[in-house]
Structures are given as structure tokens and as C-alpha cells.
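Inside the fold
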Amino acid sequence: MVVLACGLLGTAHAADSKVEQKKAEVRKVSQETLMALYKADPEARSAVERAAGYAVFSNLGIKILVAGSGNGKGIAVDNTSKHETFMKMLEVQAGFGMGVKKFRVVFVFDNQKVFDSFVNSGWQFGGQTTAAAKTTNKGGAMAGAASVSDGVWMYQLTDKGVALEITAKSTKYYKDNDLN
């Protein structure tokens with residue numbers, strides 16, 4: 001009985017350790033992404049810091065002939081409480097093409113209501129949403145970001161820096177139940 005209890009404790013500890021490793025990796029990629037964004041667009045730092053919250057995702061998409069898909073992991077951070085919510089994303093697309101695309105996304109939420117909705121209800125881009133980057137009355141802080149919804153801004157980074165056009169095709173963002 002004692003051996004069985006010790007074995008179960010060891011398994012539980014190993015599982016906790018694996019979860020912590022995955023969280024640490026998501027945090028690391030998130031920080032690297034933010035640093036790359038701030039280097040490419042220095043005004044983005046103040047936008048992220050003044051926001052109600054932000055979310056950072058690293059995505060990998062693959063398209064072969066007429067179908068494509070992508071997935072990624074990320075983290076949403078409430079700037080007031082500093083609470084972290086680990087999340088996943090899933091993308092499905094149709095249309096002719098071929099290739100692999102790796103990109104990172106940073107969402108900036110203007111207010112607590114839209115941040116909470118994103119975290120608690122998930123979020124989905126429908127159809128073929130494309131938003132061109134534009135400057136608004138927010139001054140230069142959001143100059144490299146695209147408005148993708150009321151109160152939500154999105155920066156998309158590629159290996160070449162901030163993307164000038166942001167596209168999402170049937171993309172779902174939701175809580176990662178394994179890491180929360």
C-alpha cells in the first residue's frame with residue numbers, strides 16, 4: 001500500500017513538473033515575442049503597459065494544396081491583477097496554396113470587459129477577416145497595430161518584423177485546460 005501511494009505521489013509530482021515546464025516555455029516565448037515587438041515598434045511597449053490586458057501567441061500554420069491548419073499556444077495577462085491565463089489557438093483555412101508559416105500575435109485590450117470576454121469566453125475570427133494596420137486617434141501607440149474588434153488591437157510579427165496586413169481565417173482562441 002505504501003509503495004502504491006509513493007508511486008502515485010511520484011507520478012503526480014512528475015505531471016506537475018511537466019505542466020510547470022510547459023508554462024515556463026509559454027512565458028519564455030511570450031517575453032521573446034514582446035521584446036521583438038518592442039524592438040520593431042517601440043511605441044508598442046506603452047500600448048501594452050497601459051492596456052487592461054494583453055495576450056501573446058506563437059503560431060505555426062501549414063497549408064497543403066486546398067486545405068490548411070495551424071495551432072499555437074499563448075498567455076493572456078491581466079495588467080491590473082497580473083493574473084496569467086494560458087491559452088491555445090486553432091486555425092482552419094481553405095484555398096489553394098502550399099507552405100509553412102510561423103508567426104506571433106500580440107493582442108492589446110483597451111478595457112477590462114473585452115479582455116475578460118476574450119479570456120473567459122474564448123474568441124473566434126470568422127470567415128476571412130483581414131484588417132490593415134492603421135493609425136487612429138490613439139496617437140502613435142497603436143500605429144503598428146490593427147483594430148480587429150471594438151477595444152481589441154492586434155500586432156502580428158513575422159521573421160521580418162511587424163506585419164503590415166493581418167489576416168485570420170476561422171481562428172479560435174480558448175483556455176488551455178491542461179495548464180490552468
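In this convention, every chain numbers its residues from 1, walking through the sequence in written order. Residues qualify for local features only when their pLDDT is at least 70, as the model is predicted, and side-chain atom pairs are given and counted only at 80 or more; totals for whole chains, interfaces and linings, by contrast, use all residues. Heavy atoms throughout the structure, all of them, feed into the side-chain values; hydrogens and water do not.

A few points about the overall build of the protein
The helix and strand inventory of the protein stands at three helices and seven strands. The buried share among the 180 residues of the protein stands at 41%. Note on definitions: a residue-residue contact is assigned when non-hydrogen atoms from the two residues lie within 4.5 Å. Pairs at least 24 residues apart make up 70% of the contacts formed inside the protein by residues separated by at least 6 positions. Only the protein chains shown count as cover for residues, with accessible areas throughout obtained via the Shrake-Rupley method and a probe of 1.4 Å. By element, 57% of the accessible surface of the protein is carried by carbon and sulfur atoms, the whole surface being about 10,100 Å². Only runs of H or I of at least four residues qualify as helices and only runs of E of at least two qualify as strands under DSSP, and these elements are numbered from the N terminus. Categorising residues by exposure relies on relative accessible area from a 1.4 Å probe, with only protein chains included: less than 20% of the type maximum marks a residue as buried, more than 50% marks it as exposed, and the intermediate range marks it as partly exposed.

Here we look at the pairing of strand S4 (residues 146-149)
Two strands pair under a simple rule: DSSP has to find at least two bridges between them. The pairing of S4 with strand S5 (residues 152-158) spans three bridges and is classified as antiparallel. Paired with Ala 146 across the bridge in S5 is Met 154. Between S4 and S5, which follow one another and run antiparallel, lie two residues, and Gly 151 among them has a positive phi close to 85°.

Some thoughts on the packing of aromatic side chains
Note on aromatic contacts: the rings of Phe and Tyr and the six-membered ring of Trp form a pair at centre separations within 6.5 Å, being stacked when their planes are under 30 degrees apart, edge-to-face when over 60 apart, and tilted otherwise. Taken as a whole and judged by the stated rule, the model has nine aromatic pairs. Measuring from ring centre to ring centre gives 4.8 Å for Phe 57 and Tyr 173, while their planes differ by 65°; the resulting arrangement is edge-to-face. Of this pair, Phe 57 sits in strand S1 (residues 53-78) while Tyr 173 sits in strand S7 (residues 165-175), placing them 116 residues apart in sequence. Here Phe 57 matches Tyr 173 in class, with each residue buried. Ring geometry for Phe 109 against Phe 115: centres 5.4 Å apart, planes inclined by 75°, an arrangement best described as edge-to-face. By relative accessible area, Phe 109 is classed as buried at 0%. In this structure an aromatic cluster arises from ring pairing among Phe 57, Phe 107, Phe 109, Phe 115, Phe 118 and Tyr 173.

With respect to the layout of surface pockets
Any residue with an atom within 4 Å of a point lines the site, the site being either a cavity, points on a 1 Å grid over the protein atoms alone where a 1.4 Å probe fits but cannot get out, or a pocket, an open set with protein on both sides within 12 Å along at least 5 of 7 lines. Grid points are joined across faces, edges and corners, and a volume is the space filled by probe spheres set on the points. One number sums up the size of the second largest pocket: a volume of about 150 Å³. The wall of the second largest pocket is formed by Lys 22, Glu 25, Val 26, Val 29, Ser 30, Val 56, Phe 57, Ser 58, Lys 73, Gly 74 and Ile 75. For the lining of the second largest pocket, the secondary structure elements donating two or more residues are helix H1 (2-40) and S1. Ranked by residue count, the leading element in the lining of the second largest pocket is S1, at six residues.

What about helix H3 (residues 112-121)?
Within the sequence span of H3, burial applies to Val 114, Phe 115, Phe 118 and Val 119. End-on view of H3: buried residues confined to an arc of 130°, all on one side of the axis. In H3, the exposed positions angled more than 90 degrees off the buried face are occupied by Lys 113, Asn 120 and Ser 121. Distance and chemistry together define a polar contact, namely a pair of N or O atoms within 3.5 Å, with one atom able to donate a hydrogen and the other to accept it when in protein, and with adjacent residues in sequence counting only for side-chain atoms on both sides. The N-cap of H3, judged by a side-chain oxygen 3.1 Å from the amide nitrogen of Lys 113 a few residues on, is Asn 111. Taken from the residues just after H3, Gly 122 is the one with a positive phi, measuring 75°. The directions considered for the arc are those from the helix axis to the C-beta atoms.

Side note on the nonpolar core
Ranked by internal contacts, the top residues of the largest apolar core, which has 20 residues, are Leu 34, Leu 37, Tyr 38, Tyr 54, Val 106, Val 108 and Tyr 155. Counting residues per element, the ones that place at least two in this core are H1, helix H2 (44-50), S1, strand S2 (84-109) and S5. Not counting residues up to four positions away in its chain, the partners in contact with Tyr 54 are Leu 34, Val 48, Ile 75, Ala 76, Val 77, Asn 79, Phe 107, Phe 109 and Phe 115. One finds Met 87, Phe 109, Trp 123 and Val 152 within the second-largest nonpolar core, a separate group that totals 18 residues. Residues grouped as a nonpolar core are buried Ala, Val, Leu, Ile, Met, Phe, Trp, Tyr and Cys residues, joined through side-chain atoms within 4.5 Å.

Read these as spatial facts, not as claims about activity.
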